[in-house]
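Secondary and tertiary structure notes
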Amino acid sequence: MSTAPSTAPAEVPQEPAPAPSPSRWAPLRPLILRLHFYAGVLVAPFLLVAATTGFLYAGAFQAERFVYAHELTVPVGDRELPISQQVAAARKAHPEGTVSAVRPSPEAGATTRVMLSGVAGVRSDHTLAVFVDPYTGKVRGALEQYGSTGALPLRTWIDDLHRNLNLGETGRLYSEFAASWLWVISAGGLVLWFSRRRALRKLRGTSGRRRTLGLHGTVGVWAAAGFIFLSATGLTWSTYAGANIDELRTSLGQSTPSVSAAASGEHAGHGGSTATGDAEHGVGLDKILAAARAEGLGNPVEIVPPADANSTYVVKQVQRSWPEKQDAVAVDPTTGKVTDELRFADYPLLAKLTRWGIDLHTGVLFGLVNQMALMLLALSLILLIVWGYRMWWQRGRGSSFGRPIPRGAWAQLSPLVLVPCLAVIAVLGYFVPLLGIPLAAFIAVDVVLGEVAHRKGSRTYAK
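Attention here is on the structure that accompanies the text. Values in this document were obtained by computation on a predicted structure and should not be read as measured data. (Residues numbered from 1 in each chain as written. Predicted model: local features only at pLDDT ≥ 70, side-chain atom pairs only at ≥ 80, totals over all residues. Heavy atoms only, no water.)

With that settled, consider a nonpolar patch on the surface. Side chains of Leu-248, Leu-252, Val-427, Tyr-430 and Phe-431 sit close together on the surface and give an oily, nonpolar patch of about 500 Å² of accessible area. Of note, Tyr-430 is situated in helix H11 (residues 415–431). The class for Tyr-430 is exposed, based on a relative accessible area of 58%. (Patch = residues over 30% accessible without salt bridge, like charges linked within 9 Å, V, L, I, M, F, W, Y side chains within 5 Å. Areas by Shrake-Rupley, 256 points an atom, 1.4 Å probe, with all protein chains shown as cover. Salt bridge = Lys/Arg side-chain N within 4 Å of Asp/Glu carboxyl O. Helix = DSSP H or I, 4+ residues; strand = E, 2+ residues; numbered from the N terminus. Buried < 20%, exposed > 50% of the residue type's maximum accessible area, 1.4 Å probe, protein only.)

Printed below as a string of structure tokens:
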């Protein structure tokens, strides 16, 4: 019996689907992982100091109000004395030095500050602040003061600790180094977190190194924007990067303007001199302050006496909380007329952003809420560093401490990716030298160690 031939088409073996070609950017992940790991390990001690001292500084504003309550506050009286009488009372109690500025009582129950420069025992960049009761003229005390925010000894000491470890200009390198790398580590952590599979980012039900990694990543993601902001604003007044930023702003016409304190030609040389150490020149402080008030300069203000016979008084607002009050006027000491004015609304955009950024960084822009947010960021950074070192420990095997991250990822990058990356690194290294120089040193050491490992036949590559 014959069988009819089958009419079904013969099955043709199916070729396996080609694997998706990896992205040109795929090798960047192990490269970023290696940079994030080693930068974190090496920079973390500096960041830990910056975070701890920053936490203390954010709390110093409230502590200062408590510690120096006697000098800062007085019972509210019926009427304030003229500012000239208040300054005279301060000079009677402290005739030493010269009057460099006067800050009238900014609100009911607050003292007036008369700042003296050139006082023996007071640092040259500091002043002696004499606190005067604006209602009675009684001197409440005198304390060393620093900076435009009027930091008193407690906050000044913590500020110096945060900024330079109380080591002067040399110590500022530590804080600039930390600020230079904080944004790199934060941005790298963001890339690593979002490039991981969603299942590997879960915290619930995990333990050991994976749980530590989850905690580290989750907190890091939520705090990253704050860290990048602190890094960027911290660099604006650092030694080297800050100078480059100022130069760039100047070239763009975005530098912070200042009111002209030069006296007009017909009155130049008739305003008196500061050689006597008093603040009264020409028409006197009361008329100078009245002229500034007439131009809309409300509290808090600072009155700066003429620097010489050819200069004017400068009255400027010093409110650094929102909304900022930074208007200023120059007042001729012989006539009491305003010769120049500067409004914060007329500041260039970058000058405004710099002012807001610095004040937000230092915790004065939004007061207590701002300071609490900074303390929370500082605490988050401390926890991230602790978890980071714990992950390094957990990464080891047996008694080993932290297996190294495999090297060689850069060699797998396409030239179309590698060349732009190197260009960006070069530009950043120029403008932020405490990022560029250590990064170049790290790459050089890493290449040398890799070559040594290659010769010994023990080199490991990223996969």
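Tracing the sequence through the fold places Pro-95 in the loop between helix H3 (83–93) and strand E1 (98–103). Taking C-alpha positions, Pro-95 is 9.6 Å from Val-119, a pair spaced 24 residues apart along the chain.

In this section: helix H5 (residues 172–195). Helix length check: H5 (24 residues) gives 35 Å between terminal C-alpha atoms against 34 Å at 1.5 Å per residue, within 8%. Taking the largest bend as the criterion, H5 deviates by roughly 25°, centred on Trp-181. (Expected span 1.5 Å × (residues − 1). Bend = angle between axes of the 7 residues up to and from the residue.)

If you look at the biggest cluster of nonpolar residues, it comprises 31 residues, and the most contacted ones within it are Val-43, Leu-47, Trp-181, Ile-185, Phe-227 and Leu-381. Of all the secondary structure elements, the ones that give two or more residues to this core are helix H1 (28–67), H5, helix H6 (208–235), helix H10 (367–395) and helix H12 (433–455). The greatest single-element share of this core, amounting to 8 residues, is contributed by H5. What Ile-185 contacts, discounting residues up to four positions off in sequence, is His-36, Ala-39, Gly-40, Val-43 and Leu-47. Membership of the second largest hydrophobic core comes to 25 residues, among which are Ala-90, Ala-279, Val-329 and Val-331. (Core = buried A, V, L, I, M, F, W, Y, C linked by side-chain atoms within 4.5 Å. Contact = heavy atoms within 4.5 Å.)

Here we take up the pattern of salt bridges. Following the criterion strictly, the structure yields 14 salt bridges and no others. Note that Lys-316 is salt-bridged to Glu-302, the shortest N-O span being 3.8 Å. Of this pair, Lys-316 sits in strand E6 (residues 313–317) while Glu-302 sits in strand E5 (residues 301–304), and the two are 14 residues apart along the sequence. According to the relative accessible area criterion, Glu-302 is buried, its value standing at 9%. When the shortest N-O distance is used, the salt bridge between Arg-355 and Asp-359 registers 3.0 Å. Of this pair, Arg-355 and Asp-359 are both found in helix H9 (residues 349–362), 4 residues apart, which corresponds to roughly one turn of the helix.

So, on to the packing of aromatic side chains. What characterises a pair of aromatic rings is the spacing of the ring centres plus the angle enclosed by the ring planes. Tallied over the full model, the rule gives 11 aromatic pairs. Through a chain of ring-to-ring contacts, the aromatic side chains of Phe-37, Tyr-38, Tyr-389, Trp-392 and Phe-442 assemble into a single cluster. (Phe/Tyr/Trp six-rings, centres within 6.5 Å; stacked < 30°, edge-to-face > 60°.)

On strand E7 (residues 328–331), burial covers both faces: Ala-328 and Ala-330 on one face and Val-329 and Val-331 on the other are all buried. Bridge count between E6 and E7: 4 bridges; the pairing is antiparallel. Pairing of Tyr-313 across the sheet is with Val-331, part of E7. One ladder, built from 4 bridges, connects E7 with strand E8 (residues 338–342); its direction is antiparallel. When the sheet's bridge partners are listed, Val-329 is paired in E8 with Glu-341. (Pairing = 2+ DSSP bridges.)

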